[in-house]
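Take a look at the letters that make up each chain.
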Amino acid sequence: MSPLQELLADVPQVGQVRWIGVRPKAREAMLEVEAVEARREAGLTGDHSRPGPRNARQVTLIQWEHLAVVAALLGRDAPMPPSELRRNIAVAGINLFSLKGRRFRIGQALLETTGWCQPCARLEERLGRGTFQAMRGHGGITARVIEGGIIRLEDAVSVETLETISDPQDNDARQGWRARLAGR
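Residues numbered from 1 in each chain as written. Predicted model: local features only at pLDDT ≥ 70, side-chain atom pairs only at ≥ 80, totals over all residues. Heavy atoms only, no water.

An unreviewed UniProt entry annotates the chain as MOSC domain-containing protein of Pseudomonas sihuiensis.

Right, dumping it as structure tokens:
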């Protein structure tokens, strides 16, 4: 394993669930809960997300620490309430971007990262001009449920052990750089 692969594979931080919310119906207010059931291929009980194995957005997570950043970019003094940003789980203490291509455990549930959670135009409509730009790079991640279980406030968020990690974009960039050095 290369030094970069070792660094990518090693995630020593353990996060913590700071907030949980579900939306019974699209465009309705988030309901803050203390615990929720994560269901395999179906997402969170009580959330309107579309169930099914192909749904890559069964659960959305946001970095707790980014709530203050987004607020600052919008000129607000207090951190954004997680419910305003329409994500299911706010996590502190672990960089969500380190979960790219990984499986991670929250409480009893095992989830798998499926992508980045990009901001949408609805946030701009709901929270005002500039929200879309403030959220770029701070929107969190999307995930699917691999093993169901209960997720509670203050549950640990830990990354499953990974022997090797392969990021095709990073690998392609390194290979291209090496080929140029070799004069190919």
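Next comes the rest of the description.
*Asks:* Please explain a nonpolar patch on the surface as it appears in this structure.
*Replies:* A cluster of nonpolar side chains, L4, L7 and L8, forms an exposed patch at the surface whose accessible area comes to about 260 Å². One can find L7 in helix α1 (residues 3-9). Given the relative accessible area of 65%, L7 is considered exposed. (Patch = residues over 30% accessible without salt bridge, like charges linked within 9 Å, V, L, I, M, F, W, Y side chains within 5 Å. Areas by Shrake-Rupley, 256 points an atom, 1.4 Å probe, with all protein chains shown as cover. Salt bridge = Lys/Arg side-chain N within 4 Å of Asp/Glu carboxyl O. Helix = DSSP H or I, 4+ residues; strand = E, 2+ residues; numbered from the N terminus. Buried < 20%, exposed > 50% of the residue type's maximum accessible area, 1.4 Å probe, protein only.)

*Asks:* I would appreciate a short explanation of the packing of aromatic side chains in the present structure.
*Replies:* Each aromatic ring pair is characterised by the separation of its centres together with the angle its planes make. Scanning all chains against the criterion turns up one aromatic pair. Summarising the aromatic geometry, the rings of F97 and W116 are spaced 4.2 Å apart at their centres and angled 35 degrees between planes, so their arrangement reads as tilted. Taken together, the residues F97 in the loop between β6 (89-92) and β7 (103-106) and W116 in strand β8 (residues 109-116) connect sequence positions 19 residues apart. For W116, a relative accessible area of 35% translates into the label partly exposed. (Phe/Tyr/Trp six-rings, centres within 6.5 Å; stacked < 30°, edge-to-face > 60°.)

*Asks:* Just checking my understanding: could you explain the sheet that holds strand β3 (residues 35-39) for this structure?
*Replies:* Neighbouring strands of a sheet are bound in pairs by backbone hydrogen bonds; such pairs are parallel or else antiparallel. Taken in spatial order, the three strands make up an open sheet running β4-β3-β10, and their pairing is antiparallel. Two strands close off the open sheet at either side, each with one partner strand: β4 (43-44) and β10 (149-152). Pairing of β3 with β10 involves four bridges; the strand directions are antiparallel. In the strand pairing of β10, A35 is matched with R152. (Pairing = 2+ DSSP bridges.)

*Asks:* Can you help me understand the layout of surface pockets in this one?
*Replies:* If you add up the space inside the largest pocket, you get close to 510 Å³. The wall of the largest pocket is formed by 23 residues, among which R23, H48, R57, R86 and R122 lie closest to the centre. Mapped by element, the contributors of at least two residues to the lining of the largest pocket are β5 (59-63) and α3 (121-127). In terms of residue count, the dominant contributor to the lining of the largest pocket is α3 (four residues). (1 Å grid on protein atoms, 1.4 Å probe; cavity = no way out; pocket = protein on both sides within 12 Å on 5 of 7 lines; lining within 4 Å. Points joined across faces, edges and corners; volume = space filled by probe spheres on them.)

*Asks:* Before we go on, may I ask you to explain the nonpolar core in this structure?
*Replies:* Side chains that are nonpolar tend, in soluble globular proteins, to be buried together. The biggest cluster of nonpolar side chains holds 24 residues, and the ones touching the most others in it are L61, I89, F104, I106 and I151. Looking at this core, the elements with two or more residues in it are β1 (15-22), β3, β5, β6, β7, β8, β9 (141-147) and β11 (156-159). Ignoring anything within four residues of it in the chain, the contact list for I106 reads V17, L61, I89, I150, I151, D155, A156 and V157. Grouped together as the second largest cluster of nonpolar side chains are 13 residues, M30, A71, M80 and M135 included. (Core = buried A, V, L, I, M, F, W, Y, C linked by side-chain atoms within 4.5 Å. Contact = heavy atoms within 4.5 Å.)

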